[in-house]
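# Per-entry structural report
The chain contents come next:
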Amino acid sequence: MQNSLTSTLVFQLDIREGSQQLLYSGQLEARRVVNEIFRLDSEDYDWDTIEDLVVERSNHVKNTTQRLFDKATDALERYYDEDDYGHPRQNYEDGFPIRMNHGEGYQLSLDDDSEGVNFRVTALKRQFVRGTLQGSQHHLDRLRTALEGDDWRVGTAEVVRKRGQYELHVNVTHEKADVAEKTNATTFVGVDVNEDCVGLAAVTEDGVEATLVIEYPEIKRERHEYFTIRKRMQSVGQTSLESEIERREQRFVHDQLHQVSRRVVEWAGQFENPVIVFENLEDLRDGLDYGTRMNRRLHSLPFAQLQEFVSYKAAWRGIPSDHIDPEYTSQACPVCGHTARANRQGKRFKCVECRFQDHADRKAALLIGAKGLKKQNRNVPALNNLPVIRTRKVRRRGNGEREPPDHNPYLTIRGDQANGQHGSVSG
């Protein structure tokens, strides 16, 4: 099956003409445009009028302003979808990424002499920055393929400032990538996404092949800490740094989710003809009703973002994805079928009917994989003879934190299952 797949390539800018100051001026103008969009929206202007006004007043080329409008209204749509919680704030501290279309706001070309890639960025109207892209050989090779290949498209890009240096983040799309047909899958990898971990289970018609729980408690902890900081700042009227705090949180979560999604795909890729099976988040979100505060917390969790990261990383490896109805995956017993909220006690699942025990998120992943089989009218095996669970923690890297040399990522404690055999649950 041929799919359209997009990836983001990151390059540093080796400037030969123009200056970093000009790029900074372009980012300040992008910030002004986005702030104006948020202000006009809060004053109840309709979006068509807002777009006309900001395009007319902008010192960016028309297409770049329209891309900034699209990004700002995406944030506003998420705000309105989440019950009017957390209206996007205007930013007065830093520049905003310049978002552009290839051939209009920016242009890339191959250098035949050096085999490099040259860039031209329109930082402001009729003001250009030119030079050469620097980056990993893998990203440069993929970009050259995209510039030369008929089945590829070079799309939007953003000028981003990180650690005092300017980068160009380029989206490239392979429009005819080969992804296996999910109907030909033989291994159904159930994925249960939670606040602090993801449960994985590989299920075939013959039984359960393997299970894994990848823990990432840092995401939940860091998000709570950032939330507390913002609340304290609001209580004393110190709102000037709120946008920076939000960006730090987003960068941290984004980095962690990329690490988690990469491990999920690597694990799924070891099995024969896999398909990755998720819960349908639309059904899940519609069913949330735990009170206003908890609803807002759950709606803001990056479930969809992690699913998206896993799906596109898997697709690049030719692995398809599918979705199932999430009803009762956390409450149903895989052995006797008894379904009750009382079955789940935090991270431990213990059936009140047959006394079967398991790690709650591993058990949910098993049922998700089994539902994937059932959706394709396959034979669903018995799920009462489970392999030892493996638990792996995702740790942040690149900031001085390291795992000790003797660190064992596979941590289990033993518990009794209903049939008298020993199973494993994570501590």
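Numbers given to residues run from 1 along each chain, matching the order in which its sequence is written. Selection of residues for local features in this predicted model requires a pLDDT of at least 70, selection of side-chain atom pairs for listing and counting requires 80 or more, and totals for whole chains, interfaces and linings are taken over all residues. Side-chain calculation: all heavy atoms of the structure are included, whereas hydrogens and water are not.

A separate point is the packing of aromatic side chains. A pair of Phe, Tyr and Trp rings is counted when the ring centres sit within 6.5 Å of each other, with Trp represented by its six-membered ring. The angle between the planes then sorts it: under 30 degrees is stacked, over 60 is edge-to-face, the rest tilted. Applying the stated criterion across every chain yields a total of 4 aromatic pairs. Between Trp 267 and Phe 271, the aromatic rings sit 4.9 Å apart at their centres with planes inclined by 75 degrees, giving edge-to-face as the arrangement. The buried label goes to any residue with under 20% of its type's maximum accessible area, the exposed label to any with over 50%, and the partly exposed label to all in between, with areas taken from a 1.4 Å probe on protein chains only. What makes Phe 271 buried here is its relative accessible area of 13%.

Turning next to the packing of helix α1 (residues 20-42) against helix α3 (residues 62-81). To get an axis, fit a line to the C-alpha atoms, keeping to the stretch in contact for a helix; angles then go from 0 to 180 degrees between the N-to-C directions. Numbering of helices and strands runs from the N terminus; a helix is a DSSP stretch of H or I covering at least four residues, while a strand is a stretch of E covering at least two. In the contact formed by α1 and α3, the axes pass within 10 Å of each other and the chain directions differ by 40 degrees. Here α1 is positioned oblique relative to α3, judged by the angle of their axes. Taken as a pair, α1 and α3 cross one another with a handedness that is right-handed. Residues Ala 30, Val 33, Val 34, Ile 37, Phe 38 and Asp 41 of α1 lie in contact with α3, whose contacting residues are Thr 65, Leu 68, Phe 69, Ala 72, Leu 76 and Tyr 80. Considering only residue class, the contact of α1 with α3 consists of 10 nonpolar, 1 polar and 1 charged. Oblique is the label for every angle not falling under 35 degrees (roughly parallel), over 145 degrees (roughly antiparallel), or within 65 to 115 degrees (roughly perpendicular). Should the near helix be turned anticlockwise from the far one by less than a right angle, the crossing is termed left-handed; should it be turned clockwise, right-handed. Contact criterion: two residues are considered in contact whenever any of their non-hydrogen atoms come within 4.5 Å of each other. In this classification, Asp, Glu, Lys and Arg are treated as charged, Ala, Val, Leu, Ile, Met, Phe, Trp, Tyr, Cys and Pro as nonpolar, and every other residue, Gly included, as polar.

Bringing the sheet that holds strand β14 (residues 348-350) into the picture now. Within a sheet, neighbouring strands are paired by backbone hydrogen bonds and run either parallel or antiparallel to one another. In this description, strands pair whenever DSSP reports at least two bridges between them. Taken in spatial order, the 3 strands of this open sheet run β13-β14-β15, and their pairing is antiparallel. Bordering the open sheet on either side are β13 (344-345) and β15 (357-359), each of which pairs with just one other strand. In terms of strand pairing, β14 meets β15 through 3 bridges, oriented antiparallel. Bridging from a neighbouring strand, Lys 350 pairs with Gln 357 of β15. Against the sheet, helix α10 (residues 360-375) makes contact with β13, β14 and β15, and its axis sits at roughly 90 degrees relative to β15, the strand it touches most.

A few words now on the side chain of Lys 313. Mapped onto the secondary structure, Lys 313 falls in helix α9 (residues 303-316). Residues adjacent in sequence count toward polar contacts only when both atoms are side-chain atoms; beyond that, a polar contact is any pair of N or O atoms within 3.5 Å, and within protein one must be able to donate a hydrogen and the other to accept it. There is a polar contact of 2.6 Å between the side chain of Lys 313 and the side chain of His 258. Once you skip the residues sitting within four places of it in the chain, Lys 313 turns out to touch His 258, Ser 261, Arg 262 and Val 265.

This paragraph deals with the packing of α1 against helix α2 (residues 47-57). Running from N to C, α1 and α2 cross one another at 150 degrees; their axes reach a closest spacing of 10 Å. In terms of axis orientation, α1 runs roughly antiparallel to α2. Judged by the sense of rotation from one axis to the other, the crossing of α1 with α2 is right-handed. Listed contacts from α2 to Glu 29, Arg 32, Val 33, Glu 36, Ile 37, Arg 39, Leu 40 and Asp 41 of α1 are Trp 47, Ile 50, Leu 53, Val 54 and Arg 57.

Let's shift gears to the pairing of strand β6 (residues 152-162). A large share of β6 lies buried, amounting to 8 of its 11 residues. Pairing analysis gives 9 bridges linking β6 to strand β7 (residues 165-178), with the strands arranged antiparallel. Its bridge partner lying in β7, Val 160 is registered against Glu 167. Once β6 ends, the chain turns through 2 residues before running back antiparallel as β7, passing Arg 163 with a positive phi of about 50 degrees.

This part covers the pattern of salt bridges. What counts as a salt bridge is simple: a side-chain nitrogen of Lys or Arg found within 4 Å of a carboxyl oxygen of Asp or Glu. Per the counting criterion, the structure on display carries 19 salt bridges. As a salt-bridge pair, Glu 29 and Arg 32 come within 3.0 Å of each other at their nearest N and O atoms. You can see Glu 29 and its partner Arg 32 sitting in helix α1, 3 residues apart, about one turn around the helix. Note on Glu 29: relative accessible area 12%, which makes it buried. On the basis of relative accessibility, which here comes to 32%, the residue Arg 32 falls in the partly exposed class. One salt bridge connects Asp 70 with Arg 67, and the closest N-O pair in it is separated by 2.6 Å. Linking Asp 70 with Arg 67, this pair stays in helix α3, spanning 3 residues, or about one helical turn.

Here the expected length of a helix is defined as 1.5 Å per residue gap, with one fewer gap than residues. With 20 residues, α3 extends 28 Å between its outermost C-alpha atoms, agreeing within 8% with the 28 Å of an ideal straight helix rising 1.5 Å per residue. Within α3 the residues assigned to the buried category are Asn 63, Thr 64, Thr 65, Gln 66, Arg 67, Leu 68, Phe 69, Ala 72, Thr 73, Ala 75, Leu 76 and Tyr 79. Structurally, α3 contributes buried residues whose contacts are with α1, α2, β2 (98-100) and β6.

Our focus in this paragraph is the nonpolar core. Nonpolar cores were defined as sets of buried Ala, Val, Leu, Ile, Met, Phe, Trp, Tyr and Cys residues, with membership established by side-chain atoms within 4.5 Å. Grouped together as the largest cluster of nonpolar side chains are 29 residues, with contacts concentrated most on Val 191, Val 198, Leu 200, Val 264, Trp 267 and Ile 276. Looking at this core, the elements that each hand over two or more residues are β8 (187-193), β9 (197-204), β10 (207-215), α6 (242-268), β11 (274-279) and α9. For this core, the element with the highest residue contribution is α6, accounting for 8 residues. When neighbours within four sequence positions are excluded, Val 191 is seen to be in contact with Val 198, Gly 199, Leu 200, Val 264, Ile 276, Val 277, Phe 278, Glu 279 and Ile 368.

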